[in-house]
Amino acid sequence: MNNCIICNKHSKEDSYNAYENKYIVVSHGPLTSQVKGYFYIEFKRHVERWSELSDEEITESSRMVQLLDEFLKENVYADRVYTVSISEAVRHLHIHVIPRNINMELKGLDLIRQATQQLGMLENDLSNEEVVDLVSKVNKFVAEKLSNEV
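Trainee: I keep staring at the overall build of the protein and nothing clicks. Help me out?
Mentor: The number of helices and strands found in the protein is four helices and five strands. Helices and strands in the protein line up, N terminus first, as α-β-β-β-α-β-β-α-α. What you see for the protein is a C-alpha radius of gyration of 15 Å, in line with the 15 Å of a compact globule of 150 residues. Expressed along its principal axes, the backbone C-alpha trace of the protein runs to roughly 40 × 35 × 25 Å. Sorting the 150 residues of the protein into buried and exposed places 39% on the buried side. Sequence separation of at least 24 residues holds for 56% of the intrachain contacts in the protein that already meet a minimum separation of 6. Summing over all exposed atoms, the protein offers an accessible surface of approximately 8,600 Å²; the carbon and sulfur share of this is 46%. Looking at the protein, you have 17 positive and 24 negative side-chain charges, and the mean spots of the two groups are 2 Å apart.

What follows is the structure in structure tokens.
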């Protein structure tokens with residue numbers, strides 16, 4: 001779809017992309033979210049509804065939620081990992097994966113709102129270098145886990 005922000009994003013190189021396969025792209029959210037470890041799981045094919053997904057897309061995205069949950073627990077000390085799909089502003093089905101580490105005061109809907117709407121509710125000096133480093137770690141983690149499954 002020509003006017004879809006997510007479809008257009010997939011056609012460009014992005015240093016925040018952590019993993020990509022035939023069905024999904026996993027990328028870190030924007031710095032303005034102020035949430036380290038906030039990832040998107042985006043379907044490569046333009047779909048707007050869960051019922052439009054193939055079995056393979058469902059399998060790949062579900063497995064990625066599991067892997068990100070494990071990674072975030074180990075690497076950003078996530079006590080909880082929230083997953084949400086809103087797809088209101090951008091009508092391309094995607095999953096927000098939002099960690100709440102053990103020291104965060106924001107919880108639940110407040111943290112989800114902060115991550116998805118970048119409201120400046122958190123004081124955090126999240127840097128581009130930190131995100132790029134985390135993206136590299138996710139890439140290695142996922143590659144290792146998936147290679148062990150074969």
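Trainee: What should I look at first to understand the confidence of the model for the protein in this one?
Mentor: Low pLDDT marks regions whose predicted coordinates should not be analysed in detail. On average, the protein scores 91 in pLDDT, and the residues at 70 or more come to 96%. Summarising per-element confidence for the protein, the mean pLDDT is lowest in helix 1 (residues 5-10) (88) and highest in helix 2 (residues 55-75) (97).

Trainee: Looking at this structure, how should I read the pattern of salt bridges?
Mentor: In a structure, side chains of opposite charge can pair up when their charged atoms sit close to one another. One pass over the full model with this rule turns up 10 salt bridges. For the salt bridge of Lys9 with Glu42, the shortest nitrogen-to-oxygen distance reads 2.9 Å. A residue pair is termed long-range when its members are at least 10 positions apart, and Lys9 in helix 1 and Glu42 in strand 3 (residues 39-43) qualify at 33 residues. In this structure Glu42 comes out as buried when scored by relative accessible area, which is 2%. When the shortest N-O distance is used, the salt bridge between Arg63 and Glu149 registers 2.1 Å. Taken as a pair, Arg63 in helix 2 and Glu149 in helix 4 (residues 128-149) lie far apart in primary sequence, 86 residues in all. On the basis of relative accessible area, Glu149 is assigned to the partly exposed category, the value being 45%.

Trainee: What's the story with helix 3 (residues 108-117) in this structure? I'm lost.
Mentor: Note: α-helices contain 3.6 residues per turn, so residues at a spacing of three or four share the same orientation. Listed in full, the buried residues belonging to helix 3 are Leu111, Ile112, Gln114 and Ala115. Each buried residue of helix 3 lies within a common arc of 160 degrees when the element is viewed along its axis, so the set occupies one face. In the stretch just after helix 3, Gln118 is the one whose phi turns positive, near 50 degrees.

Trainee: I'm lost on the sheet that holds strand 3 in this one. Help?
Mentor: Paired through backbone hydrogen bonds, the strands of a sheet run either parallel or antiparallel to each other. Ordered by their spatial adjacency, five strands build an open sheet running 1-2-3-5-4, and the pairing between neighbours is antiparallel. Lying at the two open borders of the sheet, with one neighbouring strand each, are strand 1 (17-20) and strand 4 (78-84). Within this sheet the neighbouring strands show an average axis-to-axis angle of 15 degrees, counted without direction. Examined bridge by bridge, strand 4 and strand 5 (residues 94-101) share six bridges and lie antiparallel to one another. Paired with Val81 across the strands is Pro99, a residue of strand 5. Strands strand 4 and strand 5 of the sheet are contacted by helix 3, whose axis makes an angle of about 120 degrees with strand 5. Running at roughly 20 degrees to strand 1, helix 4 makes contact with strand 1, strand 2 (24-28) and strand 3 of the sheet.

Reading guide: rules and limits
Residues numbered from 1 in each chain as written. Predicted model: local features only at pLDDT ≥ 70, side-chain atom pairs only at ≥ 80, totals over all residues. Heavy atoms only, no water. Helix = DSSP H or I, 4+ residues; strand = E, 2+ residues; numbered from the N terminus. Rg over C-alpha atoms; globule rule 2.2 N^0.38 Å. Buried < 20%, exposed > 50% of the residue type's maximum accessible area, 1.4 Å probe, protein only. Contact = heavy atoms within 4.5 Å. Areas by Shrake-Rupley, 256 points an atom, 1.4 Å probe, with all protein chains shown as cover. Lys, Arg positive; Asp, Glu negative; His and termini not counted. Charge placed at Lys NZ, Arg CZ, Asp CG, Glu CD. pLDDT = per-residue confidence, 0-100. Salt bridge = Lys/Arg side-chain N within 4 Å of Asp/Glu carboxyl O. Arc of directions from axis to C-beta. Pairing = 2+ DSSP bridges. Axes fitted to C-alpha atoms, helices over the stretch in contact; angles between N-to-C directions.

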